[in-house]
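What follows is the residue order along each chain.
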Amino acid sequence: MVKHIILWTLNPEIAAAERQVIMSEIKQGLEGLKGVVPGLLDVHVQIDGRIDTSNCDLMLDCTLESEEALRAYAVHPAHVAVANGKVRPFTVQRVCLDYTI
């Protein structure tokens, strides 16, 4: 199995009132991929409870069946739609860690 962890920083120009809405939409979109993308076993987007020592805004934590499933997830049309429509327009930095478990 493979863990796929992403940390994002939202664009600092986004108004404070919009940030929670945007993060909630990202969470809903990405967590909605479970059962849609083959090989995606578990997905969680952390948007709440952030403390001041953090230097990013939200985290994606996925478990996939294999490295092949991770590669397929990356190009799956449902994932690409969420990434292009809900994530990329609002983020300025992305950090990724993928590892086997």
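Residues numbered from 1 in each chain as written. Predicted model: local features only at pLDDT ≥ 70, side-chain atom pairs only at ≥ 80, totals over all residues. Heavy atoms only, no water.

Asker: Requested: an account of the side chain of aspartate 57, with residues and values cited.
Answerer: Inspection of the secondary structure assignment puts aspartate 57 in the loop between strand S2 (40-46) and strand S3 (58-64). Residue class for aspartate 57 comes out buried when judged on its relative accessible area of 13%. Reaching out from aspartate 57, the side chain makes a polar contact with the backbone nitrogen of leucine 10 at a distance of 2.6 Å. Among residues more than four places away in sequence, those in contact with aspartate 57 are Trp8, Thr9, Leu10, Arg19, Met23, Gln46 and Arg50. (Helix = DSSP H or I, 4+ residues; strand = E, 2+ residues; numbered from the N terminus. Buried < 20%, exposed > 50% of the residue type's maximum accessible area, 1.4 Å probe, protein only. Polar contact = N/O pair within 3.5 Å; in protein donor to acceptor, adjacent residues only side chain to side chain. Contact = heavy atoms within 4.5 Å.)

Asker: I'd like to hear about the packing of helix H1 (residues 16-31) against helix H3 (residues 77-87), residue by residue, with values.
Answerer: Contact pair H1 / H3: the axes reach a minimum separation of 10 Å and the direction vectors enclose 180°. Considering the angle they form, H1 stands roughly antiparallel to H3. In contact with Glu25, Ile26, Gly29 and Leu30 of H1, H3 contributes His79, Val82, Lys86 and Val87. (Axes fitted to C-alpha atoms, helices over the stretch in contact; angles between N-to-C directions. Parallel < 35°, antiparallel > 145°, perpendicular 65-115°, else oblique.)

Asker: Provide a residue-level description of the pattern of salt bridges, including the pertinent values.
Answerer: On inspection of all chains with the given rule, the structure shows seven salt bridges. Residue aspartate 57 pairs with arginine 50 through a salt bridge whose shortest N-O separation is 3.8 Å. According to the relative accessible area criterion, arginine 50 is partly exposed, its value standing at 42%. Its salt-bridge partner being arginine 71, residue glutamate 67 comes within 4.0 Å of it at the nearest N-O pair. Remark: arginine 71 and glutamate 67 occur in helix H2 (residues 67-75); sequence separation between them is four residues, near one turn of the helix. Overall, the relative accessible area of 43% leaves glutamate 67 in the partly exposed class. By sharing partners, the salt bridges in this structure join Arg19, Arg50 and Asp57 into a single network. (Salt bridge = Lys/Arg side-chain N within 4 Å of Asp/Glu carboxyl O.)

By themselves, these are just geometric observations and shouldn't be taken as functional.
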